[in-house]
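# Structural features, examined
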Amino acid sequence: MKKSILILLCSTVLLIVQSCKEGDKDDNTTATSSASTTGSTFESGITYNSKGKLTLMFNPTFGAQAFELSPKSYVTAAADTIRITQLTYYVSNVTLTTSAGNKINLGNYELISQIPGQQAKVLLDSIPAGCYTSISYMIGVDSLANSTGVHTGALDPSYGMYWAWSTGYVFLRLKGRFTSQNTAYSFDIGGDGNVMNVNHDLSNYKTGGTALTANINVDVAKFFNTPNKYDLKTDAIDIHSAGVPSIAKLKVNIANAFNITAIQ
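Report follows, based on the coordinates.

### Overview of the overall build of the protein chain
Looking only at helices and strands, the protein chain features four helices and 17 strands. Here the protein chain holds 264 residues, and the buried ones make up 45% of them. In the protein chain, 73% of the contacts between residues at least 6 apart in sequence involve partners at least 24 apart. When the accessible surface of the protein chain is split by element, carbon and sulfur atoms take 53% of a total near 12500 Å².

Okay, here's the thing in structure tokens:
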């Protein structure tokens, strides 16, 4: 009897490891549980032994401070005192990379409005079985969606994120006021060359299940601070076309502001 139990346990462990190595080949299974199996033994990355779900939770902050809209004020690295009235952006084309190097583009388009005290959620269904060592996505939309006219769903122009005069989408909008003179700043970043690509390395995570959640910190302070110091006294305060030179600073900073803090 003891020998039979030992054989069964060994077989179970072997099945888990094998599914992690070969899971990216199997995309026709069905999830049987929504519970995470964090704490089990997995290879580096996140593992789905069957089709599952992944939720991305975008949590805004301003450095170590809570994210609040005006009249709350913040001070940037360039000593600009700013207030924020709107932060809205697209998250699209979430792509998972397997441990074998295969890329799976989930082809999503999500419009996120960051509201204080609320987590912005992106739910991704039917993640194929496999082990994933990185996840990437665009802040913005791909060139095909951006150049083929208006679309429906999150890309509906009624959301106010479409340049009708220029035929293309606003990838990210940040608006507010700065200095004691209450001067307005308004950033509408768009244009195919200004897509911001974010990549998260998952290799340090060793977890799995059929319903996982990735908590992503969006540090708005980094929009102005890291790696480029953005100075509203000298850099552009009105961006409403794709060719404004100051976008080169901003798009690097914005991509750097998204970081995974936990996966469970």
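### Some details on the nonpolar core
Ranked by internal contacts, the top residues of the largest apolar core, which has 65 residues, are Leu56, Phe58, Tyr89, Leu172, Phe223 and Phe258. It is strand S5 (residues 81–98) that contributes the most residues to this core, eight residues altogether. Sequence-distant contacts of phenylalanine 58, defined by excluding residues within four places in its chain, comprise Tyr89, Val91, Ile112, Gln114, Gln119, Ala120, Val122, Tyr137, Ile216, Val218 and Phe258.

### Comments concerning the pattern of salt bridges
For the structure shown, the criterion picks out four salt bridges. Salt bridges sharing partners connect three or more residues here, namely Asp80, Asp231 and Lys233.

### Overview of the environment of alanine 262
Along the chain, the position of alanine 262 falls in strand S17 (residues 258–263). Along the primary structure alanine 262 and tyrosine 205 are separated by 57 residues, whereas in three dimensions their C-alpha atoms are 8.9 Å apart. With residues up to four places along the chain from it excluded, the contact list for alanine 262 reads Tyr205, Thr213, Ala214 and Asn215.

### Notes on the environment of isoleucine 112
Following the sequence through the fold, isoleucine 112 ends up in strand S7 (residues 109–113). A residue is classified by how much of its surface remains accessible, and isoleucine 112, at 3% relative accessible area, is buried. Along the backbone, isoleucine 112 and threonine 88 are 24 residues apart, and their C-alpha atoms lie at a distance of 5.5 Å. If we skip the residues at most four places from it in the chain, isoleucine 112 touches Phe58, Leu87, Thr88, Tyr89, Val91, Ala120 and Val122.

### Here we look at the packing of aromatic side chains
Per the stated rule, a full pass over the model turns up 14 aromatic pairs. Relative to phenylalanine 224, the ring of phenylalanine 187 lies with its centre 6.5 Å away and its plane at 45°, an arrangement referred to as tilted. Of the two residues, phenylalanine 187 sits in strand S12 (residues 183–190) while phenylalanine 224 sits in helix H3 (residues 221–225), which places them 37 residues apart along the sequence. Assigned by exposure class, phenylalanine 187 and phenylalanine 224 land together as buried. Of the aromatic side chains, those joined through ring pairs into one cluster are Phe178, Tyr185, Phe187, Phe224 and Tyr230.

### Digging into empty space enclosed by the protein
Across all of its chains, the model carries one cavity of 30 Å³ or more by this definition. A volume near 30 Å³ is recorded for the largest cavity. Of the residues in the lining of the largest cavity, the class split is seven nonpolar, no polar and no charged.

### Comments concerning the environment of valine 220
As for its placement among the helices and strands, valine 220 is situated in the loop between strand S15 (211–219) and H3. Along the backbone, valine 220 and phenylalanine 258 are 38 residues apart, and their C-alpha atoms lie at a distance of 9.0 Å. Residues in contact with valine 220, not counting those within four places in the same chain, are Thr61, Phe62, Phe67, Ile84 and Leu87.

### A look at helix H4 (residues 247–256)
For H4, the complete set of buried residues consists of Ile247, Leu250, Asn253, Ile254 and Ala255. Buried residues along H4 sit in contact with strand S11 (168–178), S12, strand S13 (196–201), H3, strand S16 (238–239) and S17.

### Looking at the side chain of threonine 88
Among the structural elements, threonine 88 can be located in strand S5. Side chain to side chain, threonine 88 and glutamine 86 meet in a polar contact 3.1 Å long. Excluding anything up to four places from it in sequence, threonine 88 contacts Leu111, Ile112, Ser113, Met161, Phe171, Leu172 and Arg173.

Criteria and cut-off values
- Residues numbered from 1 in each chain as written.
- Predicted model: local features only at pLDDT ≥ 70, side-chain atom pairs only at ≥ 80, totals over all residues.
- Heavy atoms only, no water.
- Helix = DSSP H or I, 4+ residues; strand = E, 2+ residues; numbered from the N terminus.
- Buried < 20%, exposed > 50% of the residue type's maximum accessible area, 1.4 Å probe, protein only.
- Contact = heavy atoms within 4.5 Å.
- Areas by Shrake-Rupley, 256 points an atom, 1.4 Å probe, with all protein chains shown as cover.
- Core = buried A, V, L, I, M, F, W, Y, C linked by side-chain atoms within 4.5 Å.
- Salt bridge = Lys/Arg side-chain N within 4 Å of Asp/Glu carboxyl O.
- Phe/Tyr/Trp six-rings, centres within 6.5 Å; stacked < 30°, edge-to-face > 60°.
- 1 Å grid on protein atoms, 1.4 Å probe; cavity = no way out; pocket = protein on both sides within 12 Å on 5 of 7 lines; lining within 4 Å.
- Points joined across faces, edges and corners; volume = space filled by probe spheres on them.
- Nonpolar A, V, L, I, M, F, W, Y, C, P; charged D, E, K, R; others polar.
- Polar contact = N/O pair within 3.5 Å; in protein donor to acceptor, adjacent residues only side chain to side chain.

Functional significance is not addressed by these values, which are geometric in nature.
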